Amino acid sequence: MTALMSLPDTHVRAVTERAVTAVRDTTLTRSEAAHTGRGIIAELPGFRTGDALASAILTAAAPKRMAVYDRRVQHALDTLSLPLTPTPGRYGRYLQLLDDLLHHGPAHADDWSARDIDTALYWTGANPPQPTPV
C-alpha cells in the first residue's frame, strides 16, 4: 500500500486508464482483453500477484465484459472439476473458461453474462465444507 500511495497520482491514473481501455476494447476477445488489462494493472505495486483485487477493478471498469476472480470462485471451480491453474495469465484463462461456459451451456444461459457466472461461482464456493472432526 505504501509503495502504491507513494506513486504520483498522474502515474496511477495513466496506468489505470490504459487498463480500463484494454478491458473495454471490443476488438479483443474477452479473454484477450482480460489478459491485457491484467498485465497493465500489474505495473502498479499491490497488483503484481494475486488476481482478486485486480479483477474487481477491471470488472468495475467493464462490468458487462469482465468478472471477478477470488478464492471462492477458485473453490467453486475446483468443486465443479473446472481446471484453472495459478500459473501466470490465470485471469485471461478464467475469462476464457467463462466464455466457454457461456457458449456451450444450456440454451437458457443466452441471457447470462460473465458477471452472472462469476456471481454464481462465488456463491457456490462461498462456504466450503469444513472437515469433520474424527
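Not measured: the values here are computed from a predicted model.

### Observations regarding the overall build of the protein
In step 1: In terms of regular secondary structure, the protein is built from seven helices and zero strands.
In step 2: Ordered by position in the sequence, the α and β elements of the protein form the string α-α-α-α-α-α-α.
In step 3: Principal axes of the C-alpha set define a box for the protein whose edges measure 50 × 45 × 20 Å.
In step 4: When the 134 residues of the protein are sorted by exposure, 39% land in the buried category.
In step 5: The contacts of the protein with a sequence gap of at least 6 include a subset with a gap of at least 24, amounting to 57%.
In step 6: In the form shown here, the protein has an accessible surface area of approximately 8,100 Å², with 60% of it arising from carbon and sulfur atoms.
In step 7: Positive and negative side-chain charges in the protein, numbering 13 and 14 respectively, have mean positions lying 6 Å apart.

### Here we look at the packing of helix H6 (residues 90-104) against helix H7 (residues 114-125)
In step 1: Put simply, H6 and H7 touch, their axes get as near as 10 Å, and they point 100 degrees apart. Classified by the angle between their axes, H6 and H7 sit roughly perpendicular to one another. Residues Tyr94, Leu95, Leu98, Leu101 and Leu102 of H6 touch H7, and the partners they reach there are Ala114, Ile117, Asp118 and Leu121.
In step 2: For the contact of H6 with H7, the per-class residue count stands at eight nonpolar, no polar and one charged.

### Focus on the environment of leucine 4
In step 1: Relative to the helices and strands, leucine 4 is located in helix H1 (residues 2-5).
In step 2: Sequence-distant contacts of leucine 4, that is, excluding residues within four places in its chain, are made with Val12, Leu44, Pro45 and Phe47.

### Considerations on the pattern of salt bridges
In step 1: Applying the stated criterion to the full structure yields seven salt bridges.
In step 2: Note that aspartate 9 is salt-bridged to arginine 13, the shortest N-O span being 2.7 Å. Of this pair, aspartate 9 and arginine 13 both sit in helix H2 (residues 9-24), four residues apart, roughly one helical turn.
In step 3: What makes aspartate 9 partly exposed here is its relative accessible area of 47%.

### A look at the nonpolar core
Side chains of nonpolar character tend, in soluble globular proteins, to be buried together.
In step 1: Among the nonpolar cores identified, the biggest contains 33 residues, and Leu44, Met66, Leu77, Tyr91, Tyr94, Leu98 and Leu121 are the most heavily contacted of them.
In step 2: Going through the elements one at a time, H2, helix H3 (30-41), helix H4 (52-61), helix H5 (71-79), H6 and H7 are the ones with two or more residues in this core.
In step 3: Other than its neighbours up to four places away in sequence, tyrosine 94 contacts Ala67, Val68, Tyr69, Val73, Leu77, Leu84, Asp118 and Leu121.

### Some remarks on the side chain of aspartate 70
In step 1: In this fold, aspartate 70 is placed in the loop between H4 and H5.
In step 2: Taking relative accessible area as the criterion, aspartate 70 reaches 12% and is therefore assigned buried.
In step 3: In this structure the side chain of aspartate 70 is engaged in a polar contact, spanning 3.0 Å, whose partner is the backbone nitrogen of arginine 72.
In step 4: Among all residues touching aspartate 70, those that are not within four sequence positions of it are Ala52 and Tyr122.

Quick notes on the rules
- Residues numbered from 1 in each chain as written.
- Predicted model: local features only at pLDDT ≥ 70, side-chain atom pairs only at ≥ 80, totals over all residues.
- Heavy atoms only, no water.
- Helix = DSSP H or I, 4+ residues; strand = E, 2+ residues; numbered from the N terminus.
- Buried < 20%, exposed > 50% of the residue type's maximum accessible area, 1.4 Å probe, protein only.
- Contact = heavy atoms within 4.5 Å.
- Areas by Shrake-Rupley, 256 points an atom, 1.4 Å probe, with all protein chains shown as cover.
- Lys, Arg positive; Asp, Glu negative; His and termini not counted.
- Charge placed at Lys NZ, Arg CZ, Asp CG, Glu CD.
- Axes fitted to C-alpha atoms, helices over the stretch in contact; angles between N-to-C directions.
- Parallel < 35°, antiparallel > 145°, perpendicular 65-115°, else oblique.
- Nonpolar A, V, L, I, M, F, W, Y, C, P; charged D, E, K, R; others polar.
- Salt bridge = Lys/Arg side-chain N within 4 Å of Asp/Glu carboxyl O.
- Core = buried A, V, L, I, M, F, W, Y, C linked by side-chain atoms within 4.5 Å.
- Polar contact = N/O pair within 3.5 Å; in protein donor to acceptor, adjacent residues only side chain to side chain.

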